[in-house]
Amino acid sequence: MTKLDQIRAAEERLLLPTYERNPILFVRGEGVHLIDEQGDRYLDLLSGIGVNALGYAHPAIETAIARQSRALIHTSNLFFHEGQAELALRLTERTGLDRVFFANTGTEAWEGALKLARAHAGLLRSEGKNIGTKFLALEQSFHGRTFGSVSTTYKAKYREPFGPVVPGVEFVRFNDVADLQAKFSNEVCAILVESIQGEGGIRPLSQEFFAEARALASSTGALLVVDEIQAGMGRTGKWCAYQHYGIQPDVTTLAKPLAGGIPLGAILCTEEAARAIHAGMHGTTFGGGPLACAVAIAVIDAIEKENLLKNATEVGDYFQAQLRTLASRHDAIKGVRGKGLMLAAELDSADLAKLTVAEMLKRHIVINCTSDTVLRFLPPFILKSEHVDYAMAALDEIFTEHASHASTTQSTGGHARG
Ligand code: PLP
């Protein structure tokens, strides 16, 4: 039995069966590469689902972890430490928001943002305003796995097994301005969006829809809450994807790449929204601990020192252009979308998408598939154009060999697996 087989057998016995893992045991990483137990190198175009912004074994992260772990890993939020205000300053300066709450994960940040929106509406009501408690979320949205998050997440498979979920959520058709206008009223305490939907298939909001959401929320005092957990922290070439639109939210959430692989989430909000919160209303044991904050500060500084926003824009534009060239050669690619290093290629069948991910893995390239038919690319921000070329050659080969085969097997109900 190999070490991987042993681990797999133990997990099958001991863990809740929530994941269908790929049969690979990664043991370390270097730059944009992961390395398995046999020493084989894989080009990582997924970065731990959009987390490892600086890739693997980046010296800035190693140094921050080593230094901070020698000094202080955890104190709880009962005491001050050196990191939270310093990190909050960096984040507020870069996002245009005023105040920060640190959580541990994306879903925890999102839960807090929902609570903040409800509390803010409660404050407005206490001041005599007519405003309700309803949330407007978007079709195809994804906000995480805890109760508030699944309640505002569109796909039924994430909500229904756990029902009843949190009430008071209505879904608006994606980028449908008329539907948004029809569903918005004084009953709404917040409009919830991702600037670019991630799990939903890398779908950017239209300028018109985003602007209307901003205008409607402002008209009643409801909050515009923007989930930047996947798109934020530089992935699209700006600190937050809403900055491409020139639209300022009342609340945003960050997580995934925030501390380069150490769990950390954040809610950022305006002074107006922050009026709703007082001591004791919300909290966390671990959130914003000294270790995570020190690493997040090092990540932000490295992104700036190494010009990684510019790199995400330039290599992302190149990546997108290459995907479009590939689409012109292969009819199986129905569309190419995204911004910076948050990219997708929509294929004509779910079977082909699955097969492509498996074939890429055989060629030692990590990508994934979301929304059944969408190949998703969320590489580290340090990606270079030669890595793009390498991945494109592999995709070209796979589509040349398999595209018509997979489309045929799907249309006859078969399952093509690489
Ligand atoms: N929001 C968005 C947009 C996400 O992409 C995710 C995770 O994929 C989450 C929230 C949940 O984050 P986490 O898995 O850290 O709880």
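Keep in mind that this is a model prediction, so the values were computed, not measured.

A. A look at the confidence of the model for the chain. On average, residues of the chain score 96 in pLDDT, and 96% of them reach the 70 mark or higher. Segment residues 407-418: pLDDT under 50, and 20 contacts once partners within four positions in sequence are set aside and those in other chains are kept.

B. Highlighting the site of the ligand. Every residue close to the ligand is listed here: Thr105, Gly106, Thr107, Phe142, His143, Gly144, Glu194, Glu199, Asp227, Ile229, Gln230 and Lys256. Separating a nitrogen atom of the ligand from a backbone N or O atom of Phe142 is a distance of 3.5 Å. The separation between an oxygen atom of the ligand and a polar side-chain atom of Glu199 is 3.4 Å. Here the ligand loses 83% of its free accessible area of 390 Å² to cover by the protein chains. Considering only residue class, the shell around the ligand consists of 2 nonpolar, 6 polar and 4 charged.

C. Fine view of the nonpolar core. Membership of the largest hydrophobic core comes to 112 residues, with the highest contact counts inside it found for Leu91, Ile191, Phe319, Leu375 and Phe377. Not counting chain neighbours up to four residues away, the residues in contact with Leu375 comprise Leu343, Ala344, Ala345, Leu347, Ala353, Thr356, Val357, Ile367, Asn368, Leu395 and Phe399. If you look at the next biggest cluster of nonpolar residues, it comprises 15 residues, including Tyr56, Ile196, Ile202 and Leu361.

D. Geometry of helix α11 (residues 290-305). In this model α11 runs 22 Å from its N-terminal to its C-terminal C-alpha over 16 residues, within 8% of the 22 Å that 1.5 Å per residue would give. By the criterion of burial, α11 is predominantly enclosed, with 13 of the 16 residues buried. Looking at the residues trailing α11, positive phi occurs at Asn307, about 55°.

E. Highlighting unusual backbone geometry. For the bond running from Gly163 to Pro164, omega is 0°, close enough to zero to count as cis. In this structure, Pro164 sits in the loop between α7 (156-159) and β6 (169-172). In this model, Ser371 sits at a positive phi of 50°, which is unusual for a non-glycine residue.

F. Looking closely at empty space enclosed by the protein. Enumeration over the complete set of coordinates arrives at 3 cavities of 30 Å³ or more. Of the volumes computed, that of the largest cavity is approximately 50 Å³. Every residue along the wall of the largest cavity is listed here: Gln140, Ser141, Phe142, Lys155, Tyr158, Glu199, Gly200 and Ser371.

G. Layout of the sheet that holds strand β5 (residues 134-138). Strand order in this open sheet of 7 strands is β4-β12-β11-β10-β7-β5-β6, and the pairing throughout is mixed. Two strands bound the open sheet, and with one partner strand each, they are β4 (99-103) and β6. Ignoring strand direction, the axes of neighbouring strands in this sheet form an average angle of 20°. Bridge count for β5 against strand β7 (residues 188-194) is 3 bridges, and the pairing is parallel. Bridge pairing in β7 places Leu136 opposite Ile191. Sitting on the sheet, helix α4 (residues 83-95) touches β4, β11 (251-254) and β12 (265-269), and the angle it makes with β4 is about 120°. Contacting β4, β5, β7, β10 (223-227), β11 and β12, helix α5 (residues 106-126) crosses the sheet at an angle of about 25° to β12.

H. Here's a closer look at the packing of aromatic side chains. As enumerated under the stated definition, the model contains 5 aromatic pairs in all. Seen in terms of ring centroids, Phe142 and Tyr158 are 5.3 Å apart; in terms of plane orientation they differ by 75°. Their pairing is edge-to-face. Of this pair, Phe142 sits in the loop between β5 and α6 (147-151) while Tyr158 sits in helix α7, and the two are 16 residues apart along the sequence. Take Phe142 and Tyr158: they sit in the same class, and that class is buried. Centre to centre, the rings of Tyr154 and Phe171 are 5.3 Å apart; their planes meet at 75°, and the pair counts as edge-to-face. Of this pair, Tyr154 sits in the loop between α6 and α7 while Phe171 sits in strand β6, and the two are 17 residues apart along the sequence. Since its relative accessible area comes to 25%, Tyr154 is described here as partly exposed. In this structure Phe171 comes out as buried when scored by relative accessible area, which is 14%.

I. View of the pairing of strand β3 (residues 41-44). As judged from the 3 bridges shared by strand β2 (residues 33-36) and β3, these two strands associate in the antiparallel manner. The partner of Leu34 across the bridge, within β3, is Tyr42. Following β2, the chain reverses through 4 residues before pairing antiparallel with β3; Gly39 in that reversal takes a positive phi of roughly 90°. By the bridge criterion, 2 bridges tie β3 to strand β15 (residues 365-366) in an arrangement that is parallel. Paired with Asp44 across the strands is Val366, a residue of β15.

Basis of the calculations
Residues numbered from 1 in each chain as written. Predicted model: local features only at pLDDT ≥ 70, side-chain atom pairs only at ≥ 80, totals over all residues. Heavy atoms only, no water. pLDDT = per-residue confidence, 0-100. Contact = heavy atoms within 4.5 Å. Near = heavy atom within 4 Å. Polar contact = N/O pair within 3.5 Å; in protein donor to acceptor, adjacent residues only side chain to side chain. Areas by Shrake-Rupley, 256 points an atom, 1.4 Å probe, with all protein chains shown as cover. Nonpolar A, V, L, I, M, F, W, Y, C, P; charged D, E, K, R; others polar. Core = buried A, V, L, I, M, F, W, Y, C linked by side-chain atoms within 4.5 Å. Buried < 20%, exposed > 50% of the residue type's maximum accessible area, 1.4 Å probe, protein only. Helix = DSSP H or I, 4+ residues; strand = E, 2+ residues; numbered from the N terminus. Expected span 1.5 Å × (residues − 1). 1 Å grid on protein atoms, 1.4 Å probe; cavity = no way out; pocket = protein on both sides within 12 Å on 5 of 7 lines; lining within 4 Å. Points joined across faces, edges and corners; volume = space filled by probe spheres on them. Pairing = 2+ DSSP bridges. Axes fitted to C-alpha atoms, helices over the stretch in contact; angles between N-to-C directions. Phe/Tyr/Trp six-rings, centres within 6.5 Å; stacked < 30°, edge-to-face > 60°.

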